[in-house]
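Spelled out from the first residue to the last, the chains are:
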Amino acid sequence: MKCKECGEVVQVPSPKVKQKVAAPPACEDDYGMNFGLKEDPILQELPPRKRRADDEPKRKKGSKSKKQNSNTGIKVAVGVGALLIAGIGGFFAVQNMGGGSSGPKQPEVVNYSTFEHDLGQFNIKYPSDWEVESGGGQGGRPPFATFEDGTARISVRHSRSGAPIADMASLPAGGPIIPGEAPVDELPPAAKVHEFLTQKQFELDYSDYEETPGEEFDVPYGTGWLVEFTGSEGFGGKMRAYRLTLVGSQWQYNVVAKCPNNRWDKYEPIFKEVISSIAR
């Protein structure tokens, strides 16, 4: 080809003809469907696609897994059970404290019987439904009687060691009374016997023994010395009791009415009724 301006011959390359690539033969799957993809070299050379973290299906807000739902159900069941147990326990606690009644608590009605100890020369009232045991008064055995209901216990017992002290305590202090001289102001005989037995018996029988100041206490048997005390017996819990010391011409009696410290409010009126009734 000649150039129009300079007249030189210029060779122009002939255009290349693009060859057509034959389509790969079609492939058929197991069901006879032809997709033409089985022998595609491009698809065969592509590497397998890696799984990304964001490909995981996203849960909606507020949705929980089955495991979480199961744990939540267990917690709810345990909570409901605990509330139910607490409610039942509270109900019985209120009932035991008397909170279940709508009106004021009525005093317990107690029927009494009278016990007589012929050899011991005393008689005393006691709750009719309590168990009674008695003996002594002969053969060198000191007379006694006990009354109990399984929780509380009332005992009336002669003390051999207290009897001599009672005899000495009955004498005037400093010898016979001289006419014209004022008698010495001192504790009554029952109080002296009480102090002696506190050191020789009760402080040994009860650990942590403590008592209130004593006072004279008149009963049909005579004038005694009354205190209220607390202490523990052996491996048992803390006890609370009335202790009445009595002196007489033949027998020296100690009356002890005791119960667990936490049951005092129930038994105290019964104790007072019983010890107030002792007579010859």
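In what follows, the structure referred to is the one given above.
Okay, so let's go over this structure. Since this is a predicted model, take the numbers as computed values, not measurements.

A closer look at the overall build of the protein
No. 1: When helices and strands are counted, the protein shows five helices and 10 strands.
No. 2: Every one of the 280 residues in the protein was classed for burial, and the buried ones make up 28%.
No. 3: Put simply, 44% of the contacts in the protein that link residues at least 6 apart link residues at least 24 apart.
No. 4: Put simply, the protein shows about 20500 Å² of open surface, and 54% of that area lies on carbon and sulfur atoms.

Examining the pairing of strand β4 (residues 144-148)
Remark: a regular strand shows side chains that alternate across the two faces of the sheet.
No. 1: By the criterion of burial, β4 is predominantly enclosed, with four of the five residues buried.
No. 2: Looking at chain direction, strand β3 (residues 131-135) and β4 are connected through five bridges and run antiparallel. Paired with Gly-135 across the two strands is Phe-144, which belongs to β4.
No. 3: In sequence, β4 turns back onto strand β5 (residues 153-158) through a hairpin of four residues, with Gly-150 there showing a positive phi of about 100°.

Some remarks on the nonpolar core
No. 1: Grouped together as the largest cluster of nonpolar side chains are 29 residues, with contacts concentrated most on Phe-122, Leu-244, Phe-271 and Ile-278.
No. 2: Elements that contribute at least two residues to this core include exactly β2 (122-127), β4, β5, β7 (215-219), β9 (238-246), β10 (253-260) and α5 (264-275).
No. 3: Of the residues forming this core, the biggest block, six residues, is contributed by α5.
No. 4: Core analysis: the second largest hydrophobic core is formed by nine residues, Tyr-206, Tyr-209, Phe-229 and Val-256 among them.

Quick word on the packing of aromatic side chains
No. 1: Across all of its chains, the model carries 15 aromatic pairs by this definition.
No. 2: Ring geometry for Phe-202 versus Tyr-206: centroids 6.4 Å apart, planes at 5°, classification stacked.
No. 3: For Phe-202, a relative accessible area of 3% corresponds to the buried category.
No. 4: Residue classification places Tyr-206 among the buried positions, given a relative accessible area of 6%.
No. 5: Centroid distance Tyr-209 to Phe-229: 5.0 Å. Interplanar angle 35°. Geometry classified as tilted. Taken as a pair, Tyr-209 in strand β6 (residues 207-211) and Phe-229 in strand β8 (residues 222-232) lie far apart in primary sequence, 20 residues in all.

A word on the pattern of salt bridges
No. 1: Applying the stated criterion across every chain, the model contains five salt bridges.
No. 2: Salt-bridge contacts for Glu-228 lead to Arg-240; the nearest nitrogen and oxygen are separated by 2.7 Å. One end of the pair, Glu-228, is in strand β8; the other, Arg-240, is in strand β9, and 12 residues separate them in sequence.
No. 3: Lys-258 is the partner of Glu-233 in a salt bridge, and the nearest nitrogen-oxygen pair spans 2.6 Å. Pair noted here: Glu-233 is in the loop between β8 and β9 and Lys-258 is in strand β10, with a separation of 25 residues, a long-range link.
No. 4: Take Lys-258: its relative accessible area is 13%, and that puts it in the buried class.

The rules we used
Residues numbered from 1 in each chain as written. Predicted model: local features only at pLDDT ≥ 70, side-chain atom pairs only at ≥ 80, totals over all residues. Heavy atoms only, no water. Helix = DSSP H or I, 4+ residues; strand = E, 2+ residues; numbered from the N terminus. Buried < 20%, exposed > 50% of the residue type's maximum accessible area, 1.4 Å probe, protein only. Contact = heavy atoms within 4.5 Å. Areas by Shrake-Rupley, 256 points an atom, 1.4 Å probe, with all protein chains shown as cover. Pairing = 2+ DSSP bridges. Core = buried A, V, L, I, M, F, W, Y, C linked by side-chain atoms within 4.5 Å. Phe/Tyr/Trp six-rings, centres within 6.5 Å; stacked < 30°, edge-to-face > 60°. Salt bridge = Lys/Arg side-chain N within 4 Å of Asp/Glu carboxyl O.

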